[in-house]
Every structure is written in C-alpha cells, then in structure tokens.
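Here's the letter readout for the chains.
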Amino acid sequence: FVQVFEALEGRDAARSLAAAVPAELRELLESGGLDPLGWYPIELNCALHRAAQAVTGKGRELAFRIGEAAMQQHVTASLRHLFSELSPEALQDHATRTFHAFYDTGRVEIVSAQPRDVCARWVGCVGFDENLWTDILGACSGALLAAGARSPEITVLEGGGPGDRSMHARAVWS
C-alpha cells in the first residue's frame, strides 16, 4: 500500500501518511514493518485508505487508483495468458487465490465470463467499507490493463457500499 501510495502521490504524502494513522499502525509504517504482499486485518486496510484520503484531500478515486496500480505491479505473464483464454474456471481459480492472499473474510466468484465481458460477485466480506470495495474495483481494472485490455469499464451492479458485505460487478473492455 505505502509503496503504491508513494508512487502515485509522492514522497511527501507518503511521509505524512504515518502521522494520519492510529498509533499501532504508525509504528508499523515507521519501522518498515508493512510487507507489500502481506496480509493485514481489514481494519488496517480501511485505516490506510482513510489516512491516504485525509493526507491528499482526495476521495474514493484514490482508493481506485491504489488498487489499480497495486494489481498492475502484481500481475504476471500467466495472468495475461489467462485473460487471453478467458476460461471461467481459470478466472475463478485466479480470482479466488488472489482475493484470499489479501483478505481473510469473504470470497469471490465469477458469475459469467465471455470475451471482454466478466461478471463477478464478492460475498461474505465482513468489515469492508466503500474504500475497500473501490480498491477491489481498481484492482480489477489493474488486472485487466496488465493483461492487455484496453479501456476497461467496471460497473457495480449491486452492493459495494458502506456496510455491505457483498458486491456484484461487471467489467467490459476492448
């Protein structure tokens, strides 16, 4: 999170981030104890997004950009191949593994997959706020971009708001 935030918003904003988070999180940030690929409690992710928005004065679009950039860094050539084949089973497998690498609650399922058109549903996501949902949408966009998609458009069909434990979204691209 911090490395992506710094790349997007600059070193000064990243330095200010530590002052804007709760004390226990501040200690992790200052000691370099946040592993970019590590798992952290939902509350910590929510606090990081709130602090990032407070530091920059930006809204949920920042959460989208952070998710998008983080996923673009994470994607490998195997995902590029996966999207070119667009097998629903392969998408489900990758989406599930990626989601569970970062979250210990909920699950994602691919509802439908056709060339350049995918619907996914996240369910049982306890503790998610608007920023985490928006981060996930950004990550979906980032995965598509990294896989060679052009102009991805992601639409929330249901859920994905404050207090929601689920979200249904559709992505289309050229």
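Residues numbered from 1 in each chain as written. Predicted model: local features only at pLDDT ≥ 70, side-chain atom pairs only at ≥ 80, totals over all residues. Heavy atoms only, no water.

Contact geometry for helix α2 (residues 11-19) and helix α3 (residues 23-31): axes closest at 8 Å, N-to-C directions at 145°. Mapping the contact onto sequence places Leu17, Ala18 and Ala19 in α2 and Arg26, Leu29 and Glu30 in α3. (Axes fitted to C-alpha atoms, helices over the stretch in contact; angles between N-to-C directions. Helix = DSSP H or I, 4+ residues; strand = E, 2+ residues; numbered from the N terminus. Contact = heavy atoms within 4.5 Å.)

On to the packing of aromatic side chains. By convention here, two paired aromatic rings are described through the distance between centres and the angle between planes. Taken as a whole and assessed by the stated rule, the structure comprises five aromatic pairs. For the ring pair tyrosine 103 and phenylalanine 128, a centre distance of 5.0 Å and an interplane angle of 50° mean the geometry is tilted. With a gap of 25 residues between them, tyrosine 103 in the loop between α7 (88-102) and β1 (107-114) and phenylalanine 128 in the loop between β2 (117-123) and α8 (130-146) connect regions that are remote in the sequence. Comparing tyrosine 103 with phenylalanine 128 shows no difference in burial state: the two are buried. In this structure an aromatic cluster arises from ring pairing among Phe99, Tyr103, Phe128 and Trp133. (Phe/Tyr/Trp six-rings, centres within 6.5 Å; stacked < 30°, edge-to-face > 60°. Buried < 20%, exposed > 50% of the residue type's maximum accessible area, 1.4 Å probe, protein only.)

Next up on the list: the environment of alanine 13. By the secondary structure assignment, alanine 13 is in helix α2. Alanine 13 sits 11 residues away from valine 2 along the chain, and the two C-alpha atoms are 10.0 Å apart. In contact with alanine 13, not counting residues within four places along its chain, are Phe5 and Val55.

With that out of the way, let us pick up the sheet that holds β1. Through backbone hydrogen bonds, the strands of a sheet pair up, either in parallel or in antiparallel fashion. One open sheet accounts for four strands, arranged β1-β2-β4-β3; its pairing is antiparallel. Taken across any chain shown, the strands that pair with only one partner, and hence form the sheet edges, are β1 and β3 (153-159). Across this sheet, the average inter-strand angle for adjacent strands is 20°, counted without regard to direction. Pairing geometry for β1 and β2, over seven bridges, is antiparallel. Among the inter-strand pairings, alanine 113 is bridged to a residue of β2, identified as valine 118. Of the strands in this sheet, β2, β3 and β4 (167-172) are in contact with α8, which crosses β4 at around 25°. (Pairing = 2+ DSSP bridges.)

Quick look at the pattern of salt bridges now. A full pass over the atoms with the stated rule returns nine salt bridges. Between arginine 15 and aspartate 12 there is a salt bridge; the shortest N-O distance is 3.4 Å. Note that arginine 15 and aspartate 12 are positioned in helix α2 at a spacing of three residues, about one turn of the helix. Under the relative-accessibility criterion, arginine 15 is labelled exposed at 56%. Note that arginine 121 is salt-bridged to glutamate 109, the shortest N-O span being 3.6 Å. (Salt bridge = Lys/Arg side-chain N within 4 Å of Asp/Glu carboxyl O.)

As a further point, take helix α4 (residues 42-56). Spanning 15 residues, α4 covers 21 Å between terminal C-alpha atoms, matching the ideal 21 Å at 1.5 Å per step. Here α4 has its buried residues at Ile42, Leu44, Asn45, Cys46, Ala47, Leu48, His49, Ala51, Ala52 and Gln53. Where α4 is buried, its residues meet α1 (2-9), α2, α3, α5 (60-74) and α8. Where α4 terminates, the next one or two residues include glycine 57, which has phi positive at roughly 75°. (Expected span 1.5 Å × (residues − 1).)

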